[in-house]
Amino acid sequence: TQSSGSSGINAEYGYKTVIIRDAQPASVAHTTQSTTDITVNGNSIHSVRGANFTMQCTGSGTPTPSDISIDVPDDLSASVASSLVKVNKEGKYIGNLLIDQVTEDYAGDYKCCTHNFVNDEKYESCVTISLAVEEKVTVTQNSPDADDSLVIGDQVYGTEGKPVTASCKATGLPRPTVVLDQTNKGCGTVSTITTANDVQLTDSIIIQIEYANSSICQTDSFTCCGSNTIQSVQYNACHTISVSFVEYQKPQDVKITNKGTLGQSDQSLVGTKESLVLECSVTSFPECAITWQYRKSDSDDGYQIPDSSSFTQDITLAKGETTSVLASKGFAGDYFTGDEYDFKCTATNAQGDSSSADLSITITEDTSSEVSSEVYLSIGVIIFIGALVAIVVMYIYLIISTGKKKKADLGMFGCFVCTCCEPEEQPTDTDDGIYNASLYSDKTYTMRKVDLYPEVKRMSFNEDEFDRSNVVVFNQNSEFDDRMFTLNTAVFKDPDVV
């Protein structure tokens, strides 16, 4: 024990008495740190739903506090209180309460306490930490998908002559308020349902409209707007739902399509080295449940349902149409040992009406890979020929557009050039071949690129035409390339005399 001041030995009992003159009674402070999911303001914590964080308080004093505790709200489970981690570090006692996936059940007051002993007297200090769990308002589609209706995205389809229910759901903490804006007011019965702590662990409000049948209103739409306030900031969200009625239609036009590689040319073929992919489509309203069955064509056994461990089934719903895709998880040859199989697709609606279609499939040995090789070879030949043609065309374009060759100079490629593309003869100003020369700029003069036909074999500069003493720099090295040449730069002291 660290001590200062006087001390002595009690002769009668044989122990040493220590008096701590600079002792400090225990005190505790809230030391939780803000993160992206929580905001700490003094002894208050604002947390978003689902956050993971550590609530922390720190005890101090001289001597160091001997313990620290955090009492949780009464309705929390004992497992939350047992997650307290205590650390004695650098003369302080720190308590860390680990909170995972916070919900509104965690909201409330937490009491953190610590204590120490000063001159045999216990000193205790406590702080109350308030936790608020918050969530910005969201508004979503909440319409039930009943037997006589179909819900796709924000669209609710009801069956003519049958009732249908459409609803939206606003969730948030604090619980949001909701305003309804209906296009056809009076069309349907509006009700409000308030729930707390539902299966999504949210406070929510549901706005529900019940339409008796299509005779009251054929179509309608409504918008739900919710709002709540978090830390003095108001948040808003809206969602629009459309409702319409569709005439009842029994399942019909059931069709099975082979979507495999060989199926594109022959619907009855599936290769052993490709996946079996069959699509069943049916026209109906409301939607149908689709079941698949298959059997060996030469067997007296009945149909069997595809095993989910070997096959997948994907359903796609649209207004008036249901589509199911049956696909093997591996190659067809891994699951089918015979040659021919019969597949049946049956579509049944909620009223018990059904319709079916059949397709016989022949499993062929390695045919798919052979066809794939032929396809790849054909594509490769086409690409190779196209590349050759492109190279020839580009070559001809370059040599003609730059004027380097006449048609006769192209040899066997001359047949690709029309007569109008051949460059014309150009007159020259002098016998020396200088044609259409010009000078540019104020101080630096560069003779432009001269394009002549026929070819220029020689170039000379008539120095008598100007005073050479006026030239500061003159580079007469010309570059000849067939019939094109460039005279390099000449710099003059006084360009006005040139």
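Residues numbered from 1 in each chain as written. Predicted model: local features only at pLDDT ≥ 70, side-chain atom pairs only at ≥ 80, totals over all residues. Heavy atoms only, no water.

**Remarks on the state of the cysteines**
Phase 1 of the analysis: Following the criterion strictly, the structure yields 6 disulfides and no others.
Phase 2 of the analysis: The disulfide bridge from Cys-168 ends at Cys-224, spanning 1.8 Å between sulfur atoms. In this structure the cystine formed by Cys-168 and Cys-224 twists about its S-S bond by roughly -85 degrees; its chirality is therefore left-handed. Note that Cys-168 is positioned in strand E14 (residues 164-173) and Cys-224 in strand E18 (residues 219-230), a separation of 56 residues in sequence.
Phase 3 of the analysis: One disulfide in the model links Cys-187 with Cys-217; its S-S distance is 1.6 Å. Given an S-S torsion of about 50 degrees, the disulfide between Cys-187 and Cys-217 has right-handed geometry. Linking Cys-187 in the loop between strand E15 (177-182) and strand E16 (189-195) with Cys-217 in the loop between strand E17 (204-211) and E18, this pair joins segments that are 30 residues apart in sequence.
Phase 4 of the analysis: With relative accessibility at 4%, the residue Cys-187 sits in the buried group.
Phase 5 of the analysis: By relative accessible area, Cys-217 is classed as buried at 10%.
Phase 6 of the analysis: Sequence-ordered numbering of the bonded cysteines in the chain yields a pairing of 1-2, 3-4, 5-8, 6-7, 9-10, 11-12. (Disulfide = S-S within 2.5 Å. Helix = DSSP H or I, 4+ residues; strand = E, 2+ residues; numbered from the N terminus. Buried < 20%, exposed > 50% of the residue type's maximum accessible area, 1.4 Å probe, protein only.)

**Looking at the pairing of strand E9 (residues 92-99)**
Residues in a regular strand point their side chains to alternate faces of the sheet.
Phase 1 of the analysis: Summarising burial for E9: 6 of the 8 residues are buried, a large majority.
Phase 2 of the analysis: Of the strand pairs in this sheet, strand E8 (residues 84-89) and E9 are connected by 6 bridges, and their pairing is antiparallel. Its bridge partner being in E9, Asn-88 is matched across the sheet by Tyr-93.
Phase 3 of the analysis: Hairpin remark: E8 followed by E9, antiparallel, with 2 residues in the connecting loop; positive phi at Glu-90, about 50 degrees. (Pairing = 2+ DSSP bridges.)

**Quick notes on the environment of Asp-220**
Phase 1 of the analysis: One can find Asp-220 in strand E18.
Phase 2 of the analysis: Setting aside residues up to four positions removed in sequence, Asp-220 forms contacts with Gln-182, Thr-183, Asn-184, Cys-187, Tyr-211, Ile-241, Ser-242 and Val-243.
Phase 3 of the analysis: Among the polar contacts listed, one links the side chain of Asp-220 to the side chain of Tyr-211, at a separation of 2.6 Å. (Contact = heavy atoms within 4.5 Å. Polar contact = N/O pair within 3.5 Å; in protein donor to acceptor, adjacent residues only side chain to side chain.)

Purely spatial values, then, with no claim about function.
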